[in-house]
Amino acid sequence: MITVASLAPYLGGALALGGIAVAASRRRELLIRWCAWAVGVPLVTGAFWWGGPGVAAVAVVVGVIAAMEFGGLMRLGVGDRVVLAAAVAGVVLAAWLAPGQELRAAAIGALAIAAVPLLAGDADQGLRRLGAGLLGLVWLSVLAALVPLGASALALFMAVSVADIVAYFAGRGLGGPRLSPLSPAKRWSGTLSGAAAGLGVLALLSALSWPTAVAVAVGGPAGDLLESMIKRGARAKDAGHWLPGSGGLLDRIDSLLIALAVLLVLR
């Protein structure tokens, strides 16, 4: 059984090795990004160590921030963003406080999202606001899976993160056919190399199974492409500008979101 205690040494080792590599590269942007990870990883690990309340707290905070960033990309008003964030938080809290009631919480959230443009009588932009809000709810509500998955979700995040990093550098080094017009910089060579690295991490953490393998190899890249499509539609490079070296939080969890969704379906 995977526990946070069993994952902690690997997380610490990865941070240490990353720090050495970043120092050797002498690239300022990588140093800034590593510093953000050095702060965030211990906080998240501590929250997962706490158990259900800690995981739920992390999922709520991440969901609210991601909902606000998504609302910005979709040019939603403050009211739409607040209701979307509340709806996502409601699904996460349901997973913690009332397991089995997540769909009911999502349905209530969907009705609340629909009520905002309806009550405003927005005939011009109401349908767009409704569609964007529902997409955000479906996409971000999978964060509720962090609560029952616990340490397994942390292992999945580690595998997806390593796969993303390897895919980036392998794609640049090996070249070859593009993965999708949605993200011209991504190559099939990088995606396949990243998938292999992600599966290796799962095996190292004793978390390798066919559902987790598909989640990392297929769900991870799909999540990255989904956010690329949204950002291209919004003509934005990043979901935000507040996270040092990373843009926005949504830019860091896009692969994890679809990987979680795939894992939920397959399990």
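This report concerns the structure included in the present document. These figures come from a predicted structure and were not determined experimentally.

The rules behind each value
Residues numbered from 1 in each chain as written. Predicted model: local features only at pLDDT ≥ 70, side-chain atom pairs only at ≥ 80, totals over all residues. Heavy atoms only, no water. Helix = DSSP H or I, 4+ residues; strand = E, 2+ residues; numbered from the N terminus. 1 Å grid on protein atoms, 1.4 Å probe; cavity = no way out; pocket = protein on both sides within 12 Å on 5 of 7 lines; lining within 4 Å. Points joined across faces, edges and corners; volume = space filled by probe spheres on them. Nonpolar A, V, L, I, M, F, W, Y, C, P; charged D, E, K, R; others polar. Contact = heavy atoms within 4.5 Å. Axes fitted to C-alpha atoms, helices over the stretch in contact; angles between N-to-C directions. Left-handed = near helix turned anticlockwise from the far one by under 90°. Core = buried A, V, L, I, M, F, W, Y, C linked by side-chain atoms within 4.5 Å. Buried < 20%, exposed > 50% of the residue type's maximum accessible area, 1.4 Å probe, protein only. Parallel < 35°, antiparallel > 145°, perpendicular 65-115°, else oblique. Expected span 1.5 Å × (residues − 1). Arc of directions from axis to C-beta.

With phi around 55°, Arg 75 is a residue other than glycine that occupies positive phi space. Positionally, Arg 75 belongs in the loop between helix 3 (52–73) and helix 4 (78–97). Non-glycine residue Ser 206 carries a positive phi angle of around 60°.

With that settled, consider the layout of surface pockets. Computed from the structure, the second largest pocket encloses a volume of approximately 260 Å³. Along the walls of the second largest pocket sit 14 residues, with Val 91, Glu 102, Leu 103, Ser 141 and Ala 144 positioned nearest its centre. When contributions to the lining of the second largest pocket are tallied by element, the ones reaching two or more residues are helix 5 (102–120) and helix 6 (126–140). Considering only residue class, the lining of the second largest pocket consists of 11 nonpolar, two polar and one charged.

All right, on to the side chain of Asp 254 then. Topologically, Asp 254 is positioned in helix 11 (residues 249–266). With residues up to four places along the chain from it excluded, the contact list for Asp 254 reads Trp 139, Gly 223, Asp 224 and Glu 227.

With that settled, the discussion passes to the environment of Ala 105. With respect to the helices and strands, Ala 105 occurs in helix 5. In this structure, the C-alpha to C-alpha distance between Ala 105 and Val 92, residues 13 residues apart in sequence, is 8.8 Å.

Another point: the packing of helix 8 (residues 151–174) against helix 10 (residues 210–234). Axis separation between helix 8 and helix 10 bottoms out at 9 Å; the angle between their running directions is 35°. The two elements helix 8 and helix 10 cross, and the hand of that crossing is right-handed. On helix 10, the residues touching Leu 156, Ala 159, Val 160 and Ala 163 of helix 8 are Thr 212, Ala 215 and Val 216. A class-by-class count of the residues in the contact of helix 8 with helix 10 yields six nonpolar, one polar and no charged.

As a further point, take empty space enclosed by the protein. A complete count under the given rule lists one cavity of 30 Å³ or more for this structure. Its boundaries defined by the atoms lining it, the largest cavity holds a volume of some 30 Å³. Every residue along the wall of the largest cavity is listed here: Asp 80, Val 83, Ile 113, Val 116, Arg 129 and Gly 133. Of all the secondary structure elements, the ones that give two or more residues to the lining of the largest cavity are helix 4, helix 5 and helix 6. Among the residues making up the lining of the largest cavity, the classes are represented as three nonpolar, one polar and two charged.

Residues Trp 139, Leu 140, Leu 156, Leu 250 and Leu 257 are the most contacted members of the largest nonpolar core, which totals 66 residues. Apart from the residues within four sequence positions on either side, Leu 250 is in contact with Ala 66, Glu 69, Phe 70, Leu 73, Trp 139, Leu 140, Glu 227, Ala 239 and Leu 257.

Relative to the helices and strands, Ser 209 resides in the loop between helix 9 (188–204) and helix 10. Residue Ser 209 is classed as partly exposed on the basis of its relative accessible area of 31%.

What follows deals with the packing of helix 8 against helix 11. Between helix 8 and helix 11, the shortest axis-to-axis distance is 10 Å and the interhelical angle comes to 130°. Here helix 8 lies oblique to helix 11, going by the angle between them. The two elements helix 8 and helix 11 cross, and the hand of that crossing is right-handed. Contacts from Leu 156, Phe 157, Val 160 and Asp 164 in helix 8 reach Arg 252, Ser 255, Leu 256, Ala 259, Leu 260 and Leu 263 in helix 11. Of the residues belonging to the contact of helix 8 with helix 11, the class tally is seven nonpolar, one polar and two charged.

This brings us to the environment of Val 138. On the secondary structure map, Val 138 appears in helix 6. Taking the C-alpha atoms as reference, Val 138 lies 8.2 Å from Ala 106; in sequence the two are 32 residues apart.

Since there are 3.6 residues in each turn of an α-helix, residues three or four apart along the chain are aligned in direction. Taking 1.5 Å per residue, 22 residues should reach 32 Å; helix 1 (residues 4–25) reaches 31 Å between its end C-alpha atoms and fits that length. Of all the positions in helix 1, only Val 4, Leu 7, Leu 11, Leu 15, Gly 19 and Val 22 are classed as buried. End-on view of helix 1: buried residues confined to an arc of 115°, all on one side of the axis. What points out from helix 1, more than 90 degrees from its buried face, is the exposed set Pro 9, Leu 17, Ile 20 and Ala 24. Against helix 2 (28–50) and helix 8 lie the buried residues of helix 1. A positive phi of about 55° marks Arg 26, the residue just after helix 1.

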